[in-house]
Amino acid sequence: TRSLTITSADQSMFEKAQGEKVTLPCTFELSEEDEGPLDIEWVLIPADNQKKEQIIIMYSVDRVYNQFYAATTRRMHFSSLDPKSGDGSLDILNLKAADTGTYQCKVKKAPGVQSQKIQLTVLVKPARTKCSIEGSQEIGKDVTLKCVSQEGSPLLSYDWRRISGAQHLPATSVLNKNTGELLLKNASLEYSGRYSCVASNRVGTDECSVELNVTPPVNTAGIIVGAIIATLLGLSILSSIIFCFCKKHREKKYEKEVHHDIREDVPPPKSRSSTARSYIGSNRSSLGSMSPSNMEAYTKTPYSQVPSEDFERAPAQNPAFAPPKVAAPNLSRMGAVPVMIPAQSKDGSIV
């Protein structure tokens, strides 16, 4: 008995790059005995057998249902506007790495039922490929050129080529296509130039380049000698600065000590005029303290001696007249201060 048949069984595996579009085929033929309603379902079978199948889109009773799987909403739809015509193929737009999996197409029209599985692999193209140089770029040294892609589905393959000067790689070079390393042994000046690396997988390629500049060995002895001389010169300059600073500091300290030095063991010189003034002042004060009882005894004391020091007098305007010198009593013997006692005249007035 003839029944429903799926005719698109030629290709069961697809490999596409991320961001591209893929059409998963599912064409069929109906028989006269299939009289039930037509249902077409696309199911995503997870890699983990413990998880359930997920319906992603369905056609039933002349209507399309595509709200089952949120991750594919608006990115998956039937290729034909009328799937009941015999074309239930599925279009997936803007492919993502998460779209990788096994898809199953189920066509049901009672009593016939048929299904077909298709394996889809979404690959990521190599991207953000970076080239670098490892090792000293000196003559006679080994230099390694490295190439790494930050993105890209395995298996990635790397290939180096020279794009300046001689187009072929140096004879001593060793290439590892899996790691992207190019080893240049015993480098020479002829190795200098620009090198390019191409990273590739089944869905795309990416490229980067680097400039290699092989130079003569550096004169390390000259660098060491120059560094020693510069160090000694710097130390000598620093020592000179410290010496000058200390010397200036000592000079300032000495000037400060001399400026504030006071000799306390030498008394200031005495002034004769001040001595005389102090003597007269003391006499006057003593006079004020005399009482009538001791004034009589004081008047009887002769002025036979004068103080040990004479006080200076200013020269008189008339040089011919000079006041007589009056002998003063010896104060040390009397124990009293001499004073001048006023006399009383006959009429009772004091002179």
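Everything numeric here is computed off the predicted structure, so don't read it as measured data.

Looking at the element boundaries, D34 is found in the loop between strand 4 (28-29) and strand 5 (38-45). Within the structure, D34 has its side chain in polar contact with the backbone nitrogen of L4 (distance 3.0 Å). Within the structure, D34 has its side chain in polar contact with the side chain of S31 (distance 3.0 Å). Residues in contact with D34, not counting those within four places in the same chain, are S3, L4, K109, A110, P111 and G112.

Attention now moves to the sheet that holds strand 14 (residues 157-162). One open sheet accounts for 3 strands, arranged 14-17-18; its pairing is antiparallel. The sheet is open, and its two edges are formed by strand 14 and strand 18 (204-212), each paired on a single side. Each adjacent strand pair in this sheet contributes to an overall mean axis angle of 20 degrees, direction not counted. Relative to strand 18, strand 17 (residues 193-201) runs antiparallel, the two being bridged by 9 bridges.

Turning next to the side chain of Q116. Relative to the assigned elements, Q116 resides in strand 11 (residues 112-123). Accessibility expressed as a relative area gives 10% for Q116, which makes it buried. A distance of 2.4 Å separates a polar atom in the side chain of Q116 from the backbone oxygen of S8. Other than its neighbours up to four places away in sequence, Q116 contacts I6, S8, A9, Q11, P25, Y103, Q104 and C105.

A word on the confidence of the model for the protein chain. Model confidence for the protein chain is summarised by a mean pLDDT of 78, while 70% of its residues fall at 70 or above. Confidence drops under pLDDT 50 across residues 282-324; counting only partners more than four residues distant or on other chains, this segment forms 48 contacts. Considering only residues more than four positions removed or in separate chains, one finds that residues 331-337, a stretch of pLDDT under 50, has 13 contacts.

A separate point is unusual backbone geometry. In this chain, A110 is followed by P111 through a cis amide linkage whose omega measures 5 degrees. For P111, the location among the structural elements is in the loop between strand 10 (101-109) and strand 11. Residue P154 is joined to L155 through a cis peptide bond whose omega torsion reads 0 degrees. Inspection of the secondary structure assignment puts L155 in the loop between strand 13 (143-151) and strand 14.

L24, W42, I92 and Y103 are the most contacted members of the largest nonpolar core, which totals 25 residues. The set of elements that each furnish at least two residues to this core consists of strand 3 (22-24), strand 5, strand 6 (54-60), strand 8 (76-78), strand 9 (90-92), strand 10 and strand 11. In terms of nonpolar packing, the next biggest core, distinct from the first, is built from 18 residues, V143, C147, L182 and Y191 among them.

In space, the 4 strands of this open sheet follow the order 12-13-16-15, with antiparallel pairing throughout. Edge strands, defined here as strands with exactly one partner in the open sheet, are strand 12 (127-134) and strand 15 (173-176). If you compare each strand with its neighbour and ignore which way they point, the axes differ by 10 degrees on average. With 3 bridges connecting them, strand 13 and strand 16 (residues 181-184) associate as antiparallel partners. By the bridge assignment for strand 16, L145 is matched with L182.

Conventions adopted
- Along each chain, the written sequence defines residue order, and numbers are assigned to residues from 1.
- At least 70 in pLDDT is required for a residue's local features to be given in this predicted model, at least 80 for side-chain atom pairs to be given and counted, and no such filter applies to totals for whole chains, interfaces and linings, which use all residues.
- With hydrogens and water set aside, each side-chain value is computed from the structure's full complement of heavy atoms.
- Strands are runs of DSSP state E lasting at least two residues, helices are runs of H or I lasting at least four, and both sets are numbered from the N terminus onward.
- In the analysis that follows, any N or O atom pair within 3.5 Å is treated as a polar contact, provided that within protein one partner can donate a hydrogen and the other can accept it, and provided that, for residues neighboring in sequence, both atoms belong to side chains.
- When checking whether two residues touch, look at their non-hydrogen atoms; a contact exists if any pair is within 4.5 Å.
- At least two bridges found by DSSP between two strands is the condition for calling them paired.
- Angles here are taken between N-to-C directions and fall from 0 to 180 degrees, while the axes themselves are lines fitted to C-alpha atoms, restricted in helices to the stretch in contact.
- Buried residues are those whose accessible area, probed at 1.4 Å on protein chains only, stays under 20% of the maximum for their type, while exposed residues exceed 50% and partly exposed ones sit between those limits.
- A score between 0 and 100, pLDDT records how confident the predictor is in each residue.
- In plain words, nonpolar cores are sets of buried Ala, Val, Leu, Ile, Met, Phe, Trp, Tyr and Cys residues tied together by side-chain atoms within 4.5 Å.

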